[in-house]
Amino acid sequence: MNAVDASLICKALSDANRIQIVELLTHGEKCTCELLEHFSIRQPTLTHHMMTLNECGLLISRKEGKRTFYALDCGTLREFREFIAGLECRC
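Residues numbered from 1 in each chain as written. Predicted model: local features only at pLDDT ≥ 70, side-chain atom pairs only at ≥ 80, totals over all residues. Heavy atoms only, no water.

Undergrad: How do you make sense of the environment of His-48 when you look at a structure like this?
TA: Checked against the element boundaries, His-48 lands in helix 4 (residues 43-55). The exposure class assigned to His-48 is partly exposed, which follows from its relative accessible area of 45%. (Helix = DSSP H or I, 4+ residues; strand = E, 2+ residues; numbered from the N terminus. Buried < 20%, exposed > 50% of the residue type's maximum accessible area, 1.4 Å probe, protein only.)

Printed below as a string of structure tokens:
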């Protein structure tokens, strides 16, 4: 992962709701309606958060009828963790 990709993920995770969404998805795939139950936000706001997380590569989505299901893209998350782990303070 390069610095530009990492910065996009950092920007996406700069919102507490989006961090909570990622935390919820660590337990497996969820549909939008399941995610909404955990927040005091409306559907359009959740959709915006999901688009932001999807655009930086953290999510995978699939449609089933009228519902959209989301899961973490484990490869992207793993690369991001490795990138962050490579940052060290050598003072």
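Back to the text.
Undergrad: Got a minute to help me understand helix 2 (residues 16-25) in this structure?
TA: Because each turn of an α-helix spans 3.6 residues, side chains separated by three or four positions in sequence point in the same direction. Listing the buried residues of helix 2 in full gives Arg-18, Ile-21, Val-22, Leu-24 and Leu-25. All buried residues of helix 2 lie within an arc of 160 degrees about the axis, which places them on one face of the element. For helix 2, the secondary structure elements touched by its buried residues are helix 1 (3-12), strand 1 (30-31), helix 3 (32-36), helix 4, strand 2 (59-64) and strand 3 (67-72). In this structure Asp-15 caps helix 2, since a side-chain oxygen of it lies 2.8 Å from the backbone nitrogen of Asn-17. (Arc of directions from axis to C-beta. Contact = heavy atoms within 4.5 Å. Polar contact = N/O pair within 3.5 Å; in protein donor to acceptor, adjacent residues only side chain to side chain.)

Undergrad: Where do I start with the pattern of salt bridges in this structure?
TA: For side chains bearing opposite charge, pairing can occur when the charged atoms are close. This structure, assessed with the given rule, holds three salt bridges. Put simply, Glu-29 and Arg-62 hold a salt bridge, and the shortest N to O gap is 2.8 Å. With Glu-29 in the loop between helix 2 and strand 1 and Arg-62 in strand 2, this residue pair connects regions lying 33 residues apart in the sequence. A salt bridge links Glu-88 to Arg-90, with the shortest nitrogen-to-oxygen separation between them at 3.7 Å. Take Glu-88 and Arg-90: they sit in the same class, and that class is exposed. In this structure, a network of salt bridges that share partners links the residues Glu-29, Arg-62 and Glu-64. (Salt bridge = Lys/Arg side-chain N within 4 Å of Asp/Glu carboxyl O.)

Undergrad: Would you mind showing me how to read the environment of Gly-65 here?
TA: Summarising the element assignment, Gly-65 is placed in the loop between strand 2 and strand 3. As a C-alpha pair, Gly-65 and Cys-31 span 34 residues in sequence and 12 Å in three-dimensional space.

Undergrad: Even after reading the chapter, I still don't get helix 1, so can you show me in this structure?
TA: Regarding helix 1, the residues found buried are Ala-6, Ile-9 and Ala-12. What you see down the axis of helix 1 is that its buried residues fit within an arc of 120 degrees, all on one side. Summarising the geometry of helix 1, the exposed residues directed more than 90 degrees from the buried face are Ala-3, Val-4 and Lys-11. Close packing links the buried residues of helix 1 with helix 2, helix 4 and helix 5 (74-85). Where helix 1 begins, the side chain of Asn-2 points an oxygen toward the backbone nitrogen of Val-4, at a separation of 3.0 Å.

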